[in-house]
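Reading the structure
Spelled out, the chains give:
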Amino acid sequence: MSDIVQCVPLQDDAAWPPNWRATTHSISSGRYIDPAFAVLEFERLWNRVWQAAARLDEIPEAGDYTVYEIGDQSVLLVRVDAATVKAYHNFCPHRGTALGEGCGKFEHDRIICPFHGWRWDLRGQVQYVLERQEFRNGELRDSDVALKEVSVALFAGFVFINLARDPAPFDEFIAPVRQLIEDLAIGDMHHYWWKEIAAPGNWKVAQEAFFESYHVPTTHPQLETAGADFIFGDQSGPEVDFSHHYHQYETFPHGHGRFFGGKKTPMAGHVTLPGDPVEMMAARLNLLVEGMDAMVLAEDVELVRSLKGKPIPEGSSLGGEYMKLLYSTAAAQNRPMPKPAPEVLDMWGGEIFVFPNLMILPQAGNAMIYRVRPHRTDPDRCIFEILSTRTYPASLTPPRATVEKVVDPSDPEQLRLIPRQDLGNIPRMQRGLHSRGCKQIWLARYYEQIILHMHQELDRYLLAGP
Ligand code: FES
Ligand SMILES: [Fe+2]
């Protein structure tokens, strides 16, 4: 291990093997590939951290349930009424049978174990035990066989859970990003589509592919053609003005972070391609429709096109006119939109990272959400999910969210171009991290700060002791 560059560790990890260390500017490869490190993450991170277990859209009606799995733990999420969701450790107190699988509905508000028919109400109170007098010498108490609750917090349309017996308050955990997420109306976003991909990479490798925009010209050349031409060209001329130069990065307590493009985004009308500005802006935004069917939707591009030939009033801009049109159209449909404040609009096209594994990419009345979970036993695999969400006109009831499993992430029929490009890097990174020559990865101080910050918070959990 002598060829590891010695640098200041982030926290007191002196007892750790060198290949588990994160420093102020590098991350050791063992954190991504060592099964023992993954075991420690389950014990000390996943068993103790607040995590997004579901969208409320998965359980819209009383009696609806869904199951959330993290490692070898399974949690049953049950909608009790309009304002209440309960989470239970997913097992029957009789012989251990999982009470829920996948998602569904508990008919007549009764949770019935499929093995011997014990029954509970939606609040976890036992209602029926067959041959009850046979148990505990005839003195079985209701409390012996009540379902065991898991802590729950509802926020922004998510059901967060925490497996710790006495978790730190959710409000403290979410405080640094609460306002951002609320202003962006993420709680008003509902299911549009949701895909799950079994990805061949560590969960951190997978999510870190989305923590920066520094990869865009190389991984998504169609989104940044000038940058791509420079990178893949002969590089004889001066370096181009890459778009990531205009992105701002920020990190917050509790491991959260964000980046955003501010006014230099195609959404705000900033397009550097020559030609008719309306056509260019529509074409640029359409790359997101075609490439993702998320963040920007076809109807948004139609709105841009409708501005063609219309004069732009003095003091306004194409982006400004587009915003006005977006908001007036949404108002006419009685469709919720993010708060129309400059600092909120600047976040469109950016990302909010909620530690440890949730990414929210907000846009005009819609948002793309990524969630990444570790594989139960294999540090080389993870579960990667994409949730495309949007606001709906008040007259429409959003559909119940159900997941579609992507069998082959390289198949254009199953996944569009942009996620295919991103996910295409993941197996290559994971393979590379196993190389005996790869002891650590290097991180850009500014452009990759969310990655470093995430590892710093991860260490706070992992070093907290048993
Ligand atoms: S295992 Fe559930 S009732 Fe027997
Ligand atoms: Fe990407």
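Residues numbered from 1 in each chain as written. Chains lettered and ligands numbered in written order. Predicted model: local features only at pLDDT ≥ 70, side-chain atom pairs only at ≥ 80, totals over all residues. Heavy atoms only, no water.

As for the overall build of the protein
Broken down by element type, the protein carries 12 helices and 20 strands. Taken against the 2.2 N^0.38 rule, which gives 23 Å for 466 residues, the C-alpha radius of gyration of the protein at 24 Å falls within 12% of a compact globule. Principal-axis analysis of the C-alpha atoms gives the protein an extent of 85 × 65 × 40 Å. For the protein, buried positions account for 52% of its 466 residues. When contacts within the protein are restricted to residue pairs at least 6 apart in sequence, those whose partners lie at least 24 apart make up 63%. Element-wise, carbon and sulfur atoms account for 52% of the exposed surface of the protein, whose accessible area totals about 21100 Å². Here the protein carries 45 positive and 61 negative side-chain charges, and the mean point of each set is 3 Å from the other. (Helix = DSSP H or I, 4+ residues; strand = E, 2+ residues; numbered from the N terminus. Rg over C-alpha atoms; globule rule 2.2 N^0.38 Å. Buried < 20%, exposed > 50% of the residue type's maximum accessible area, 1.4 Å probe, protein only. Contact = heavy atoms within 4.5 Å. Areas by Shrake-Rupley, 256 points an atom, 1.4 Å probe, with all protein chains shown as cover. Lys, Arg positive; Asp, Glu negative; His and termini not counted. Charge placed at Lys NZ, Arg CZ, Asp CG, Glu CD.)

Focus: the sheet that holds strand 4 (residues 73-81)
Judged by pairing direction, the sheet is antiparallel, and its 7 strands sit side by side in the order 2-11-10-5-4-3-6 without closing on themselves. Only two strands of the sheet have a single partner each, and these edge strands are strand 2 (51-55) and strand 6 (103-105). The mean angle between the axes of side-by-side strands here comes to 30°, regardless of whether they run parallel or antiparallel. By the bridge criterion, 6 bridges tie strand 3 (residues 64-70) to strand 4 in an arrangement that is antiparallel. Following the sheet pairing, Val 67 is matched in strand 4 by Leu 76. (Pairing = 2+ DSSP bridges. Axes fitted to C-alpha atoms, helices over the stretch in contact; angles between N-to-C directions.)

Topic: helix 12 (residues 449-462)
Taking 1.5 Å of rise per residue, 14 residues should cover 20 Å, and helix 12 covers 20 Å from first to last C-alpha, within 8% of that figure. Taken across its 14 residues, helix 12 has 12 buried, putting it largely inside the fold. For helix 12, the set of buried residues is Gln 449, Ile 450, Ile 451, Leu 452, His 453, Met 454, His 455, Glu 457, Leu 458, Asp 459, Tyr 461 and Leu 462. (Expected span 1.5 Å × (residues − 1).)

A word on the domain arrangement of the protein
Examined at the domain level, the protein breaks down into domain 1 (51-171) and domain 2 (184-264 + 336-434). Computed over C-alpha atoms only, the centres of domain 1 and domain 2 are separated by 32 Å. Taken together, the contact between domain 1 and domain 2 spans 21 residues of the former and 16 residues of the latter. Interface area for domain 1 against domain 2, summed over the two sides, is near 1500 Å², with a carbon-plus-sulfur share of 58%. Considering only the surface of domain 1 that becomes buried against domain 2, Arg 55, Asp 57 and Glu 58 emerge as the three largest contributors, covering 36% of it. Across the contact surface, domain 1 and domain 2 share 1 salt bridge. (Domains from an automatic or database assignment. Buried area = accessible area lost by both parts, 1.4 Å probe. Salt bridge = Lys/Arg side-chain N within 4 Å of Asp/Glu carboxyl O.)

Section: the packing of helix 7 (residues 277-292) against helix 8 (residues 298-305)
The relative placement of two packed helices is expressed as an angle between their axes plus a distance between the axes. Here helix 7 crosses helix 8 at 180°, and the two axes come no closer than 9 Å. When the axes of helix 7 and helix 8 are compared, the pair comes out roughly antiparallel. Contacts from Val 278, Glu 279, Met 281, Ala 282, Leu 285, Asn 286 and Val 289 of helix 7 reach helix 8 at Ala 298, Val 301, Val 304 and Arg 305. Broken down by class, the residue content of the contact of helix 7 with helix 8 amounts to 8 nonpolar, 1 polar and 2 charged. (Parallel < 35°, antiparallel > 145°, perpendicular 65-115°, else oblique. Nonpolar A, V, L, I, M, F, W, Y, C, P; charged D, E, K, R; others polar.)

Examining the packing of aromatic side chains
Considering all chains together, one arrives at 24 aromatic pairs under this definition. Ring geometry for Trp 118 and Phe 135: centres 5.2 Å apart, planes at 85°, overall edge-to-face. You can see Trp 118 sitting in the loop between strand 7 (110-112) and strand 8 (119-121) and its partner Phe 135 sitting in the loop between strand 9 (126-128) and strand 10 (149-155), a full 17 residues away along the chain. For Trp 118, a relative accessible area of 3% gives the class buried. (Phe/Tyr/Trp six-rings, centres within 6.5 Å; stacked < 30°, edge-to-face > 60°.)

Comments concerning the nonpolar core
Leu 77 and Phe 384 are the most contacted members of the largest nonpolar core, which has 116 residues in total. Formed jointly, this core draws a minimum of three residues from each of two domains, domain 1 (51-171) and domain 2 (184-264 + 336-434). Every residue in contact with Leu 77, bar those within four places of it in the chain, is listed here: Ala 53, Ala 54, Ile 59, Asp 64, Tyr 65, Thr 66, Tyr 68, Lys 86, Ala 87, Val 159 and Ile 161. (Core = buried A, V, L, I, M, F, W, Y, C linked by side-chain atoms within 4.5 Å.)

Overview of the sheet that holds strand 7
Strand order in the open sheet formed by 3 strands is 7-8-9, and the pairing between neighbours is antiparallel. Looking at which strands have only one partner, the edges of the open sheet turn out to be strand 7 and strand 9. Here the strands of the sheet are splayed against their neighbours by 35° on average, with no regard to which way each runs. When strand 7 meets strand 8, the two strands line up antiparallel, connected through 3 bridges. Residue pairing across strands places Ile 112 opposite Arg 119, the latter belonging to strand 8.

Side note on the pairing of strand 18 (residues 382-390)
Residues in a regular strand point their side chains to alternate faces of the sheet. Across the 9 residues of strand 18, 8 count as buried, placing the element largely inside the fold. Sheet analysis places strand 12 (residues 190-199) next to strand 18, joined by 9 bridges and oriented antiparallel. Following the sheet pairing, Ala 198 is matched in strand 18 by Ile 383. Judged from the 9 bridges that link them, strand 17 (residues 366-374) and strand 18 form a sheet pairing that is antiparallel. Each bridged residue has a counterpart across the sheet, and for Arg 373 the counterpart in strand 18 is Ile 383.

Examining the pattern of salt bridges
In the structure shown here, the tally under the stated rule is 25 salt bridges. Residue Glu 250 is joined to Arg 258 by a salt bridge in which the shortest nitrogen-to-oxygen separation is 2.9 Å. What makes Glu 250 partly exposed here is its relative accessible area of 30%. We classify Arg 258 as buried; its relative accessible area is 12%. With a shortest N-O distance of 3.6 Å, Glu 279 and Lys 308 are connected by a salt bridge. One end of the pair, Glu 279, is in helix 7; the other, Lys 308, is in the loop between helix 8 and helix 9 (318-332), and 29 residues separate them in sequence. The partly exposed category is assigned to Glu 279, whose relative accessible area is 25%. One network of salt bridges, in which partners are shared, links Asp 276, Glu 279, Glu 302, Arg 305 and Lys 308.

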